[in-house]
Amino acid sequence: KPRLYSGMQPSADSLQIGNYIGALMQWRDLQESYDAFFSVVDLHALTQPNDPSELREKTRRTAAQYIAAGIEPAKSTLYVQSHVRAHAELAWVLSTITGFGEAGRMTQFKDKSARYGTDATNVGLFTYPVLMAADILLYQTDIVPVGDDQKQHVELTRDLAERFNSRFGEAFRVPKPVIQKDTARIYDLQNPTSKMSKSAESDAGVLWLLDDPSKSAKKVMRAVTDSEGVVRYDRDEKPGVSNLLVIYAALTGREITSIEDEYAGRGYGDFKKGLAEVVVSEFGPVRERALELLDDPAELDRVLAANAARAEEVADRTLGDVYDKLGLLRRV
Ligand code: ATP
Ligand code: MG
């Protein structure tokens, strides 16, 4: 089976609906036909301010949400990034073949560092894409299913793999990004021109997987729309309504036009009520299953440990080969 790699940061207590639609739904389907590695990338999460006492719990919660959303740890390798030391080691190696200007062009770095301000921006945020390249390359990955915000990072990963291979000899498979066109980007409900994110400044426009369903329903009802009053898709003129349509279509598997037809001649209130029901019925069961798994953290930790052992075997093989090719003296 071809290899698949993807991951998410444990940067909040809950995942948001963009993570679910843009990533988890694809992961669930793709795990059938790929040898899939799904990681909770806790080392990446260190690039943002973190309360150490909360990070451990966020890591477990993220893993539990993967499983609740349908990732099967017996079928796919679901593990925590910091459990496999090779990630940090390969990241160092790759940083030595990454150009300073090349890393500086990454838009996620530019966005996040602008948000934090120069003083609060750290070097880890700058080298974030290099660590991500290490994640992917360690597993000889064929495809990387991500939202389109991560496309540039996967392109960098490809460049680094090709560069290393041509300088030192074939050590890496060159991966391809897989981006679901229609649902590549879910926007903030209050600010429908910026991406919904776990780390958004305000959570008024973020739908959380683990929130009380009634709270999510309220957020849908309060979503920003426009004054036209017609439920129709138009990304430029009607970003708010278009975003709600995309969410509605993704969660129900329906075409956008069929939803437009259903709500023709009715107001935004009806449309939002319909979407709120969809959100509640989709996330209710996911939330319950995740909370159940979190009731037994010892069992969850055991599953993660077994999966980490599986991941480590593959990762260590790649790293050993890389060290040999670089001419590092092996400890005998
Ligand atoms: P953070 O704000 O901490 O960066 P995030 O919500 O952007 O959190 P990540 O952990 O960075 O989440 O990304 C996890 C996965 O979810 C990636 O594949 C990313 O492309 C996808 N993703 C994140 N936000 C969205 C979104 N709004 N729409 C679609 N996909 C998304
Ligand atoms: Mg992100």
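Just so it is clear, the structure is predicted and the values come from calculations on it, not from any experiment.

Draft legend 1. Focus on the pairing of strand β1 (residues 3-8). Within β1, five of the six residues are buried, which leaves it mostly tucked inside the rest of the structure. Where β1 lies against strand β2 (residues 35-40), six bridges are found, and the strand directions are parallel. When the bridges of β2 are listed, S6 appears paired with F38.

Draft legend 2. Summary view of the site of ligand 1. Lining the immediate environment of ligand 1, one finds 19 residues, of which S11, G18, G22, G147 and S199 sit closest. Broken down by element, the shell around ligand 1 gets its largest block of residues, four residues, from helix α1 (residues 17-30). Partitioning the shell around ligand 1 into residue classes produces five nonpolar, 10 polar and four charged.

Draft legend 3. Expanded view of the environment of T127. Position of T127 among the secondary structure elements: in helix α7 (residues 123-138). Judged by C-beta crowding, with 20 C-beta atoms within 10 Å, T127 ranks as buried. Through-space distance from the C-alpha of T127 to that of T59 is 21 Å; in sequence the pair is 68 residues apart. Every residue in contact with T127, bar those within four places of it in the chain, is listed here: S95 and A103.

Draft legend 4. Summary view of the nonpolar core. Ranked by size, the top nonpolar core spans 87 residues in total, and within it L90, A133, A134 and I247 carry the most contacts. At nine residues, the largest contribution of residues to this core is made by α7. Looking at which domains feed residues into this core, each of domain 1 (3-179 + 297-326) and domain 2 (213-291) supplies at least three. Once residues within four sequence positions are removed from consideration, I247 is found in contact with I17, I21, I186 and L275.

Draft legend 5. Structural context of the domain arrangement of the chain. Split by domain assignment, the chain resolves into domain 1 (3-179 + 297-326) and domain 2 (213-291). If you look at the interface, domain 1 gives six residues, while domain 2 gives five residues. Those elements that place two or more of their residues in the side of domain 1 that touches domain 2 are α1 and α3 (52-68).

Draft legend 6. Focus on the packing of α7 against helix α8 (residues 151-168). Interhelical geometry of α7 versus α8 gives an angle of 65° and a closest axis separation of 9 Å. By the angle class used here, α7 and α8 are roughly perpendicular. In this structure, α7 crosses over α8, and the sense of that crossing is right-handed. Counted together, P129, M132, A133, I136 and L137 of α7 and H153, L156, T157, L160 and A161 of α8 form the full contact between these two elements. Taken together, the residues of the contact of α7 with α8 sort by class into eight nonpolar, two polar and no charged.

Draft legend 7. Spotlight on the packing of helix α4 (residues 86-95) against helix α13 (residues 297-326). Across the interface, α4 lies against α13 with an axial gap of 10 Å and an inter-helix angle of 30°. In terms of their interaxial angle, α4 and α13 are classed as roughly parallel. Two packed elements cross with a definite hand, and for α4 against α13 that hand is left-handed. Residue-level contacts link A86, E89, L90 and V93 of α4 to A315, D316, L319, V322 and L326 of α13. Residues of the contact of α4 with α13, tallied by class, amount to seven nonpolar, no polar and two charged.

Draft legend 8. Quick peek at unusual backbone geometry. Phi is positive for Q140, close to 50°, though the residue is something other than glycine. Within the element layout of this structure, Q140 appears in the loop between α7 and β4 (143-145).

Draft legend 9. Structural detail: α4. Of the residues making up α4, those classed as buried are A86, H87, L90, A91, V93 and L94. Buried residues of α4, seen end-on, are gathered within an arc of 160° and therefore sit on one face of the element. If you follow the buried residues of α4, they end up packed against α2 (42-45), α7, α8 and α13.

Draft legend 10. How the structure looks around the pairing of β2. Within β2, five of the six residues are buried, which leaves it mostly tucked inside the rest of the structure. For the crossover from β1 across α1 to β2, the handedness is right-handed. Pairing of β2 with strand β3 (residues 77-80), which is carried by four bridges, proceeds in the parallel orientation. When the bridges of β3 are listed, S39 appears paired with Y79.

What counts, and at which threshold
Residues numbered from 1 in each chain as written. Chains lettered and ligands numbered in written order. Predicted model: local features only at pLDDT ≥ 70, side-chain atom pairs only at ≥ 80, totals over all residues. Buried ≥ 20, exposed ≤ 12 C-beta atoms within 10 Å, placed from the backbone. Helix = DSSP H or I, 4+ residues; strand = E, 2+ residues; numbered from the N terminus. Pairing = 2+ DSSP bridges. Near = placed C-beta within 6 Å. Nonpolar A, V, L, I, M, F, W, Y, C, P; charged D, E, K, R; others polar. Contact = placed C-beta atoms within 7 Å. Core = buried A, V, L, I, M, F, W, Y, C linked by C-beta atoms within 7 Å. Domains from an automatic or database assignment. Axes fitted to C-alpha atoms, helices over the stretch in contact; angles between N-to-C directions. Parallel < 35°, antiparallel > 145°, perpendicular 65-115°, else oblique. Left-handed = near helix turned anticlockwise from the far one by under 90°. Arc of directions from axis to C-beta. Right-handed = clockwise from strand over helix to strand, strands pointing away.

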